[in-house]
Amino acid sequence: MQGDDAELTTAVLAAQAGDETAFRTVYRAVHPRLLGYVRTLVGDPDAEDVTSEAWLQIARDLDRFSGDADRFRGWAARIARNRALDHIRMRGRRPAIGGDETELSGRPADSDTAGEAMESLATDSTLSLIARLPQDQAEAVVLRVVVGLDAKTAAETLGKRPGAVRTAAHRGLRRLAELLGEDSDATGALDALPSQREPHGRAVTSAGVTHMRSRTQKDM
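All values reported here derive from a predicted model rather than from experimental measurement.

Taken as a whole, this structure holds five aromatic pairs when the rule is applied. Aromatic side chains Tyr-27 and Trp-55 sit 4.9 Å apart centroid to centroid with 55° between the ring planes, which places their arrangement in the tilted category. Placement of Tyr-27 in helix H2 (residues 20-42) and of Trp-55 in helix H3 (residues 44-61) is noted, with a sequence separation of 28 residues between them. Grouping residues by exposure puts Tyr-27 and Trp-55 together as buried. Ring centres of Phe-65 and Phe-72 lie 5.4 Å apart, and the angle between their planes is 85°; this geometry places the pair in the edge-to-face category. Residue classification places Phe-65 among the buried residues on the basis of a relative accessible area of 9%. In this structure Phe-72 comes out as buried when scored by relative accessible area, which is 0%.

Another point: helix H7 (residues 135-147). Taken across its 13 residues, H7 has 13 buried, putting it largely inside the fold. One or two positions beyond H7, positive phi appears at Gly-148, with a value near 90°.

Counting across every chain of the model gives eight salt bridges. Between Asp-86 and Arg-83 there is a salt bridge, with the nearest N and O atoms lying 2.3 Å from each other. With Asp-86 and Arg-83 both in helix H4 (residues 69-90) and three residues apart, this pair spans about one turn of that helix. Here Asp-86 falls in the partly exposed class, since its relative accessible area comes to 31%. Where salt bridges share partners, they join Asp-5, Asp-70 and Arg-73 into one cluster.

Residue placement: Arg-39 occurs in helix H2. The buried category is assigned to Arg-39, whose relative accessible area is 14%. For the pair Arg-39 and Ala-84, spaced 45 residues apart in sequence, the C-alpha separation works out to 9.1 Å.

The rules behind each value
Residues numbered from 1 in each chain as written. Predicted model: local features only at pLDDT ≥ 70, side-chain atom pairs only at ≥ 80, totals over all residues. Heavy atoms only, no water. Phe/Tyr/Trp six-rings, centres within 6.5 Å; stacked < 30°, edge-to-face > 60°. Helix = DSSP H or I, 4+ residues; strand = E, 2+ residues; numbered from the N terminus. Buried < 20%, exposed > 50% of the residue type's maximum accessible area, 1.4 Å probe, protein only. Salt bridge = Lys/Arg side-chain N within 4 Å of Asp/Glu carboxyl O.

In structure tokens:
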């Protein structure tokens, strides 16, 4: 297990035991990437609010979680995805799924492209390009590259086969490379991802989530 994953696993366990500082560590480690994922589903205007709702559920249900850092990221992503889909249904809209998923299911990529050179992305600049991908490719790229899930965990999050996720990520990354070649303003989009950014706008703060966690523990 890598150092960052070991630290996140330890923080999750401590947060489950009621350590508020550990929960803030978990929040800072996961929130920026989770927010990026939600943006691919609902767009910028609603992403902050939807991600905040996801964190409230994560705080409430944390005691039920079991697993390591990668499983936690996948669990958090599933919660965020469900909140995003609920939001879309409530607004009477659907995500713009592109392509035929049945075509992807039987065609795994030649290599695990998402695990290669594009391990890090500059969130703001690249997410605007990812938004131009078909939805299945956008989700696969963000889950594999931005959130940092392995193919199996990403597949569980999306309800697909790992081969389908690898293929979608492979195609999405290839298309991103083409978009980068077309867009002179995006030349820095493949620079290293900032270590962690503080949330902005109307996003719930880590302190606010910690407070909500203490309230939800009392309600359970």
